[in-house]
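# Summary of structural features
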Amino acid sequence: MSNLLEIKGFIQEIAEAIAEALEIDTSVVDHNLIRIAGTAQKQVTQVISSGVIKKVFETGQYYLTHHTKEDVHCNQCPQKHNCKEKAFMHCPIFFDDKVIGVMGLMCFNDTQREKLISKQDSLLSFIQNMCALITSKLKEYEMYKKEQEMYQKIEYHNIMLHQILNTVSDGYIIINTEKEITHINEHALNILGMTKEEAEDKVITEVIPDLELKSILSNRENAFYDEIKINKKTYGVFISAMKDNKETVGAVISFKIVDKISSRVFSKAFYTKEITFNDILGESRKITDAKELAKKVSVNSTNILLLGESGTGKELFARAIHYASDRHANPFIAVNCAAIPESLLESELFGYESGAFTGANKTGKPGKFELAHTGTIFLDEIGDMPFYLQAKILRVLQDKTIEKIGGVVQKDIDVRIIAATNRNLEEMVRTGKFREDLYYRLNVIPIQIPPLREREGDVELLVEYFIKKYSTIFNVGIKKISPQAIEILNTYHWPGNIRELENLIQYLISVSNSEVIDVDILPNKLLEGQVPSDVKNSNVKKIKRVTPLAEIEREAILNALELFGDTTEGKFKAAKALGIGKTTLYRKLAEYSVDISKDSQCRNY
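A brief report on the enclosed structure follows. Source: prediction; values computed, not measured.

## Thoughts on the sheet that holds strand S2 (residues 35-38)
Ordered in space as S2-S1-S5-S4-S3, the five strands form an open sheet in which the pairing is antiparallel. The open sheet has two free edges, formed respectively by S2 and strand S3 (63-65), since each of these has just one partner strand. Pairs of neighbouring strands in the sheet enclose a mean axial angle of 20°, with direction left out of account. Sheet topology note: the S3/strand S4 (residues 87-95) ladder contains three bridges and is antiparallel. Within S4, the residue paired with Leu64 across the bridge is Met89.

## Notes on the packing of aromatic side chains
This model, assessed by the stated rule, comprises seven aromatic pairs. Plain terms: the ring middles of Phe350 and Phe369 are 5.4 Å apart, the flat faces sit at 20° to each other, and that makes the pair stacked. On the criterion of sequence distance, the pair formed by Phe350 in helix H13 (residues 342-350) and Phe369 in helix H14 (residues 368-371) is long-range, its members being 19 residues apart. Comparing Phe350 with Phe369 shows no difference in burial state: the two are buried. With a centroid separation of 6.5 Å and 35° between ring planes, the pair formed by Phe466 and Tyr470 is classed as tilted. Of this pair, Phe466 and Tyr470 both sit in helix H18 (residues 458-473), four residues apart, which is roughly one turn of that helix. Each of the two residues, Phe466 as well as Tyr470, counts as buried. Through a chain of ring-to-ring contacts, the aromatic side chains of Tyr465, Phe466 and Tyr470 assemble into a single cluster. Directly above the aromatic system of Phe95 lies the positively charged group of Lys139, at a separation of 5.7 Å from the ring centroid. Taking the ring centre of Phe350 as reference, the NZ or CZ of Lys392 above it sits at 4.3 Å.

## With respect to the pairing of strand S6 (residues 171-176)
With respect to burial, S6 is a largely interior element, five of its six residues being buried. As paired elements, S6 and strand S7 (residues 181-184) share three bridges and run antiparallel to each other. For Ile174, the partnering residue across the bridge sits in S7 and is His183. Counting the residues in the hairpin turn of S6 and S7 gives four residues, including Lys179, whose phi is positive at 70°.

## Thoughts on the state of the cysteines
Throughout the structure, instances matching the rule amount to zero disulfides. Unpaired in this structure, Cys91 has its nearest cysteine sulfur neighbour in Cys131, at a distance of 5.4 Å. What makes Cys131 buried here is its relative accessible area of 4%.

## Things to note about the environment of Lys8
Inspection of the secondary structure assignment puts Lys8 in helix H1 (residues 8-22). Along the backbone, Lys8 and Ile36 are 28 residues apart, and their C-alpha atoms lie at a distance of 6.7 Å.

## Topic: the side chain of Ser284
In this fold, Ser284 is placed in the loop between helix H10 (263-270) and helix H11 (285-298). Overall, the relative accessible area of 5% leaves Ser284 in the buried class. Ignoring any residue separated from it by four or fewer positions in sequence, one finds Ser284 in contact with Arg455, Glu456 and Asp458.

## Details of the packing of H18 against helix H19 (residues 483-491)
Packing of H18 against H19 leaves a shortest axis separation of 9 Å and a crossing angle of 120°. Considering the angle they form, H18 stands oblique to H19. Note on packing geometry: the crossing formed by H18 with H19 is right-handed. For the pair H18 and H19, contact is made by Val459, Glu460 and Val463 and by Ile486, Leu489 and Asn490, respectively. Split by residue class, the contact of H18 with H19 holds four nonpolar, one polar and one charged.

## With respect to the pairing of strand S18 (residues 416-421)
Of all the six residues making up S18, six are buried; the element is thus mostly covered by neighbouring parts of the structure. Both faces of S18 are covered, namely the face carrying Arg416, Ile418 and Ala420 and the face carrying Ile417, Ala419 and Thr421. Sheet analysis places strand S11 (residues 304-307) next to S18, joined by four bridges and oriented parallel. Counterpart to Ile304 in the pairing with S18 is Ile418. Across four bridges, the pairing between strand S15 (residues 376-380) and S18 is parallel. Across the sheet, Phe378 pairs through a bridge with Ile418, a residue of S18.

## So, H18
If you check H18, its first and last C-alpha atoms are 23 Å apart, about what 16 residues at 1.5 Å a residue would give, namely 22 Å. Asp458, Val459, Leu462, Val463, Phe466, Ile467, Tyr470 and Ser471 are the residues of H18 that are buried. Of the residues one or two after H18, Asn475 is the one with positive phi, at around 55°.

## Some details on the sheet that holds strand S19 (residues 445-448)
Here five strands make up an open sheet; going across it, the order is S12-S15-S18-S11-S19 and the pairing parallel. Each of the sheet's edge strands pairs with one partner strand only, and the pair in question is strand S12 (332-336) and S19. Sheet twist, expressed as the average angle between the axes of neighbouring strands with direction ignored, equals 20°. As paired elements, S12 and S15 share five bridges and run parallel to each other. What sits directly across from Ala334, in S15, is Phe378.

## Section: helix H12 (residues 314-324)
Extensive coverage of H12 is indicated by the burial of nine of its eleven residues. Listed as buried for H12 are Lys314, Glu315, Phe317, Ala318, Arg319, Ala320, Ile321, His322 and Tyr323.

## Considering the packing of H11 against H12
Close contact between H11 and H12 brings their axes to 9 Å; oriented N to C, the two are set at 35°. Between H11 and H12 the crossing geometry is right-handed. Contact with H11, carried on its side by Ile287, Ala290, Lys291, Ala294 and Ser298, involves Phe317, Ile321 and Ala324 of H12 and no other residues of that element. Along the lines of polarity and charge, the residues of the contact of H11 with H12 split into six nonpolar, one polar and one charged.

## Observations regarding the nonpolar core
Val463, Leu489 and Trp494 are the most contacted members of the largest nonpolar core, which has 40 residues in total. Those elements that place two or more of their residues in this core are H18, H19, helix H20 (497-511), helix H21 (524-527), helix H23 (549-564), helix H24 (568-578) and helix H25 (582-591). In terms of residues, this core owes the most to one element, H20, which gives eight residues. Setting aside chain neighbours within four positions, we find Val463 in contact with Ile481, Ile486, Leu489, Leu501 and Ile505. Core analysis: the next-biggest nonpolar cluster, separate from the first, contains 31 residues, Val335, Leu397, Met428 and Leu442 among them.

Cut-offs and rules
- Residues numbered from 1 in each chain as written.
- Predicted model: local features only at pLDDT ≥ 70, side-chain atom pairs only at ≥ 80, totals over all residues.
- Heavy atoms only, no water.
- Pairing = 2+ DSSP bridges.
- Helix = DSSP H or I, 4+ residues; strand = E, 2+ residues; numbered from the N terminus.
- Axes fitted to C-alpha atoms, helices over the stretch in contact; angles between N-to-C directions.
- Phe/Tyr/Trp six-rings, centres within 6.5 Å; stacked < 30°, edge-to-face > 60°.
- Buried < 20%, exposed > 50% of the residue type's maximum accessible area, 1.4 Å probe, protein only.
- Lys NZ or Arg CZ within 6 Å of the ring centre and 35° of its normal.
- Disulfide = S-S within 2.5 Å.
- Contact = heavy atoms within 4.5 Å.
- Parallel < 35°, antiparallel > 145°, perpendicular 65-115°, else oblique.
- Left-handed = near helix turned anticlockwise from the far one by under 90°.
- Nonpolar A, V, L, I, M, F, W, Y, C, P; charged D, E, K, R; others polar.
- Expected span 1.5 Å × (residues − 1).
- Core = buried A, V, L, I, M, F, W, Y, C linked by side-chain atoms within 4.5 Å.

Right, here's the structure in full:
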């Protein structure tokens, strides 16, 4: 309850002003029946025991008596023999519909009593207005207190945030929606070669020109990963939106030097573009049924096992489930268990403490489970997880705790697990290659994602989508595909599923010299034994080139470099257009023996 004592000085000034103006003494009592302000100090007691005051508190109504000696409530008062009041008027003081005090006019002589009787209506209105004034002042004071508390908390949080940021080994920068730097730690200042005074309040793009923030600050993405050059060194940059009631109010930027082993894993894990079920294209019965089941189970935190061949879109389903759940504002962390070396997988998943092993970061490292706290972790290719690690995953599922490598303390964790595999886990359980107890823990809700060859009618829909997408990326104008070519694509068995189809479309757009993609540029493997009847044999015989996926990928990379150029900036744009990191681009170019020196031409190979 709000306390009148907090504005005691103001109330005393009001009481004295009333007494001087009306020539009638005034008193104010708080909810503890203690007199906190008033005039005629020698004529009244500090602790009130009057039944009249109590009655005003109980009823919330004013009380007026012209003759105290005749008033029934006064006769019941234990102070009646010492009381010198001849008449009085008491009014309640309200705060949020509760009586928190009483203001009274007290008459100690006949002149005051006669004035009270003759002007009781106007005096009642006046006192009620004074009570409202006190209430208003108390509300103003309460607001002032809250503002002061808020400012103190903000200042405290700023100090704590600054101290916390300086304890971590990575560079950290916090910006507002105007891209202005509000916080920056010592590690970031060292990386940028700046002082705190030079960095604070600057726009982030003045400090790091290559940083892309539009998709974060425009609410299109919650977070994303990028790789940029700072002072001739490559840094992995993780940018995460700060939200307030789903509105972006700024961003947190962290960066560390990229090492060759963890670059691809790190970027894959932190890629968190928001995906909905509308992003999963397809109208066939099987894919529609899979989407409907995934929608139903997304609302709770039950573990899910996604089953399907490689390239069917299991990660897309996992992301859609996450963003449809009540965890959508929290992290989505993806881990490909087959892509990480077995020697590194445990530390990637569970993290490690300082000095846990030779070469360990001196400050330790959080694992993917810890990073996914309150959110979702996607364990792709779970069938490739080493047997000894399966026991630790089971512990997470059973006890909701994790323990870092080299650690002795178990940490509570709240995370939803979505696992995926293209392997037959039941067969692996029978042969002793996968833990039975873990299988049943993960397989609470299995969702079978159909291969592309079983999705009748979806190939054409996906072809149109990929043609539009990559025609725009490669800036070649939207191409079309002939009905004969579509017929062949519809009858192909697609062992690589949607991933294979997407790579093929990139290749076809790259090599096509006309507005229409026709049969004559389709790879031979698509043509063998499945050429439409209205396609002439003479045309088919001219197609002798064999184009495996590697060649498709190589051609797409070369096309992108030809479009954007082979400078450092051109390679960065090419990698972005292809949906891969620069490190991956360089590795692919080396793999395909392409000369990427600045003075060379991309197609001199």
